[in-house]
Amino acid sequence: GAVVSQHPSRVICKSGTSVKIECRSLDFQATTMFWYRQFPKQSLMLMATSNEGSKATYEQGVEKDKFLINHASLTLSTLTVTSAHPEDSSFYICSARDPQGGRSYGYTFGSGTRLTVV
Amino acid sequence: TQLLEQSPQFLSIQEGENLTVYCNSSSVFSSLQWYRQEPGEGPVLLVTVVTGGEVKKLKRLTFQFGDARKDSSLHITAAQPGDTGLYLCAGEGLRDYKLSFGAGTTVTVRA
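Residues numbered from 1 in each chain as written. Chains lettered and ligands numbered in written order. Predicted model: local features only at pLDDT ≥ 70, side-chain atom pairs only at ≥ 80, totals over all residues. Heavy atoms only, no water.

A look at the overall build of chain B
- A count of helices and strands for chain B gives 0 helices and 11 strands.
- Its helices and strands taken in sequence order, chain B reads β-β-β-β-β-β-β-β-β-β-β from the N to the C terminus.
- For 111 residues, the compact-globule formula gives about 13 Å, and the C-alpha radius of gyration of chain B, at 13 Å, lands near that figure.
- Once the C-alpha set of chain B is aligned to its principal axes, its extents read approximately 45 × 30 × 20 Å.
- The 111 residues of chain B split such that 44% are buried.
- Within chain B, counting contacts between residues at least 6 apart in sequence, those at least 24 apart form 54% of the total.
- Here chain B has roughly 5300 Å² of accessible surface; of this, 51% comes from carbon and sulfur atoms.
- Seen as two clouds, the 10 positive and the 11 negative side-chain charges of chain B have centres 4 Å apart. (Helix = DSSP H or I, 4+ residues; strand = E, 2+ residues; numbered from the N terminus. Rg over C-alpha atoms; globule rule 2.2 N^0.38 Å. Buried < 20%, exposed > 50% of the residue type's maximum accessible area, 1.4 Å probe, protein only. Contact = heavy atoms within 4.5 Å. Areas by Shrake-Rupley, 256 points an atom, 1.4 Å probe, with all protein chains shown as cover. Lys, Arg positive; Asp, Glu negative; His and termini not counted. Charge placed at Lys NZ, Arg CZ, Asp CG, Glu CD.)

Next up, the structure:
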């Protein structure tokens, strides 16, 4: 089945630094990937849609200059949290869908990245 | 405001009992997906329902999609401790591929 690999699984960084999170589709090509944020005891909130070869589209309220998304290839999307602050601490998850499956297939999610900003 | 209202938020039952989780919306979806998420992990797809009125069964789990494609339910028969986890419903938009998630239901099955 479709596999999405997300790295790193955990990262601790200092305030003011930037952190890059990678999301790879291992056995399929994904022109579109999605980035979510999840706070403790809460559901997933869509942050942005990553589009291969073009700009990402961000959901309302998500700062595009703070959460930089690059989708340079059909198997890799990256999310960079710039100038991180403690309030950016969260669980970040990416997802993609194998296009060969069509809408009857659900999405495959990465294992998530726990970001802690100290 | 959640596009999808999921209930109940918490469910604690004894092993062997049945349970149902509901997911309701005023919006129509092209598909409704159910996921299960373990702590510290990403959600794992359980099922996708696409056709209004569709019923899918996976062993002890039964999923229904409403006729109008606005609501769905997940029913677990004879729950086991291994069914413990966070269950999430997600609706896929008609015109885009975005998923809107319900708030989630934390299920605890006591041995």
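Considering the state of the cysteines
- If you walk through the whole model with that rule in mind, you get 2 disulfides over all chains.
- The residue that forms a disulfide with A:C23 is A:C94, at a sulfur-sulfur distance of 2.0 Å. Measuring the twist about the S-S bond at about 85 degrees, one finds the A:C23-A:C94 disulfide to be right-handed. Pair noted here: A:C23 is in strand β3 (residues 19-25) and A:C94 is in strand β9 (residues 90-96), with a separation of 71 residues, a long-range link.
- According to the relative accessible area criterion, A:C94 is buried, its value standing at 0%.
- Across a sulfur-sulfur distance of 1.9 Å, B:C23 and B:C89 are joined as a disulfide pair. (Disulfide = S-S within 2.5 Å.)

A short note on the interface of chain A and chain B
- Counting from both sides, the interface comprises 19 residues of chain A and, opposite them, 24 residues of chain B.
- Taken together, the connections running from chain A to chain B amount to 2 salt bridges.
- In this structure, A:R97 and B:E92 form a salt bridge, with 2.7 Å as the shortest nitrogen-oxygen distance.
- Applying the counting criterion to the chain A and chain B interface returns 9 residue pairs in polar contact (both at pLDDT 80 or more).
- Put simply, the parts of the chain that give the side of chain A that touches chain B at least two residues each are β4 (32-38), β5 (44-51) and β9 of chain A.
- For the side of chain A that touches chain B, the class distribution of residues is 9 nonpolar, 7 polar and 3 charged. (Salt bridge = Lys/Arg side-chain N within 4 Å of Asp/Glu carboxyl O. Polar contact = N/O pair within 3.5 Å; in protein donor to acceptor, adjacent residues only side chain to side chain. Nonpolar A, V, L, I, M, F, W, Y, C, P; charged D, E, K, R; others polar.)

Quick look at the packing of aromatic side chains
- Enumeration over the complete set of coordinates arrives at 8 aromatic pairs over all chains.
- For the ring pair A:Y36 and A:F109, a centre distance of 5.6 Å and an interplane angle of 45 degrees mean the geometry is tilted. Here A:Y36, found in strand β4, pairs with A:F109, found in strand β10 (residues 108-109); they are 73 residues apart in sequence, far enough to count as distant.
- The structure contains a cluster of three or more aromatic residues connected by ring pairs, namely A:Y36, A:F109, B:Y35 and B:F101. (Phe/Tyr/Trp six-rings, centres within 6.5 Å; stacked < 30°, edge-to-face > 60°.)

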